[in-house]
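Examination of the molecular architecture
Letter by letter, the chains look like this.
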Amino acid sequence: MLNYIATCDNAKIIKEVCKQQNILILHEVEEYTDLDKYIKETKVNYNLVKFFIIDVSSISDKDDGIITTLYNFIRLYKRIRIILIFPQFENKLELLSNLLKQEIYNLITNTDNLKNELLKCLSVEGKTKKDVQKFEIVQEVKEKSHKIKGFNIKIVEKLSKSIRKQKFKKVNKQPKIKETKVVHHSGVYFFELLLEAITRLIKLIGYILVFLLTSIALTILLNQNLRELVFGILINGG
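Keep in mind it's a predicted model, so treat the numbers as computed, not measured.

The rules we used
- Residues numbered from 1 in each chain as written.
- Predicted model: local features only at pLDDT ≥ 70, side-chain atom pairs only at ≥ 80, totals over all residues.
- Heavy atoms only, no water.
- Axes fitted to C-alpha atoms, helices over the stretch in contact; angles between N-to-C directions.
- Helix = DSSP H or I, 4+ residues; strand = E, 2+ residues; numbered from the N terminus.
- Parallel < 35°, antiparallel > 145°, perpendicular 65-115°, else oblique.
- Left-handed = near helix turned anticlockwise from the far one by under 90°.
- Contact = heavy atoms within 4.5 Å.
- Nonpolar A, V, L, I, M, F, W, Y, C, P; charged D, E, K, R; others polar.
- Salt bridge = Lys/Arg side-chain N within 4 Å of Asp/Glu carboxyl O.
- Buried < 20%, exposed > 50% of the residue type's maximum accessible area, 1.4 Å probe, protein only.
- Phe/Tyr/Trp six-rings, centres within 6.5 Å; stacked < 30°, edge-to-face > 60°.

Our next topic: the packing of helix H1 (residues 8-20) against helix H5 (residues 114-121). Working note: a packed helix pair is described by the angle between its axes plus the distance between those axes. For the pair H1 and H5, interaxial distance at closest approach is 10 Å and the crossing angle is 50°. Relative to H5, H1 is oriented oblique. For the element pair H1 and H5, the recorded crossing hand is right-handed. Between H1 and H5, the contacting residues are Asn10, Ile13, Ile14, Glu16, Val17 and Gln20 on the first element and Leu114, Lys115, Leu118 and Leu119 on the second. Along the lines of polarity and charge, the residues of the contact of H1 with H5 split into six nonpolar, two polar and two charged.

Following this line, the structure appears as structure tokens:
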């Protein structure tokens, strides 16, 4: 005999397979159901049941609740084969992994081929660990990927903190500029004054010479007689 909780569409296929295999359906539910409440409150003689099909999309229990409920159920009814249908298993990899740990191997994820999958699960041997081992590999890869991602984030955070600390230390450890005091001795100070006076005198003489030469040049250029005289001297001298 068989019990099932499933959507209407999946229920049709379950009924078809049961009819084909001459399996009697003892109790059926085709609505959204609380699995724990169903097992505890529904008056079903589970000693007569050989298969229990559960469509995960039809139950309201959280993943942890599903594991706990099935674990307790299997302890009481070891001879019943649990068959679980996962219409969207990509989001249930952790649940699948935990079910495998409870040695529940009759898991259906290929709902497009639900009929053949059900026939396999309802066969004498049913599905074995080998048939569903891929879920353990996928879950392991996902967990490792998550750990690596988390590890990389931690490294970035640590590097960021370290860089901030180093910058803070550099700012605090910048050497203070010492004020230098220049001490002038009286002899050196007198020599500097004398040198500055001579420099200014030379500049003054230079300005006077430039002024005189400029005045002479302008006078020669403006006075025709002087200009002819100078040109004559230069020409005769050449």
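What follows continues from the structure just given.
Right, let's get into the packing of helix H3 (residues 63-76) against helix H4 (residues 93-101). Between H3 and H4, whose axes approach to 10 Å, the crossing angle comes to 15°. In terms of orientation, H3 and H4 fall into the roughly parallel class. Of the two elements, H3 crosses H4, and the hand of that crossing is right-handed. Between H3 and H4, the residues in contact are Asp63, Ile66, Ile67 and Leu70 and Leu95, Asn98 and Leu99, respectively. Broken down by class, the residue content of the contact of H3 with H4 amounts to five nonpolar, one polar and one charged.

Right, let's get into the pattern of salt bridges. The full count for this structure, using the stated rule, is six salt bridges. We note a salt bridge from Lys40 to Asp36, for which the minimum N-O separation is 3.2 Å. One end of the pair, Lys40, and the other, Asp36, are both in helix H2 (residues 35-41), four residues apart, so they sit about a helical turn from each other. Between Arg200 and Glu196 there is a salt bridge, with its nearest N and O atoms 2.8 Å apart. On the criterion of helical spacing, the pair formed by Arg200 and Glu196 is a turn pair, its members being four residues apart in helix H7 (residues 186-222). The class of Glu196 is partly exposed, set by a relative accessible area of 38%. Salt bridges sharing partners connect three or more residues here, namely Lys15, Glu28 and Glu30.

So, about the packing of aromatic side chains. Taken as a whole and judged by the stated rule, the model has six aromatic pairs. Here the aromatic rings of Tyr38 and Phe52 are separated by 6.0 Å at their centres, their planes lie at 40°, and the arrangement is tilted. Pair noted here: Tyr38 is in helix H2 and Phe52 is in strand E3 (residues 51-55), with a separation of 14 residues, a long-range link. A relative accessible area of 1% places Phe52 in the buried class. Ring centres of Phe73 and Tyr77 lie 5.0 Å apart, and the angle between their planes is 45°; this geometry places the pair in the tilted category. Accessibility expressed as a relative area gives 3% for Phe73, which makes it buried. Residue class for Tyr77 comes out partly exposed when judged on its relative accessible area of 24%. The rings of Tyr38, Tyr46, Phe52, Phe73 and Tyr77 are connected pair by pair, giving a single aromatic cluster.

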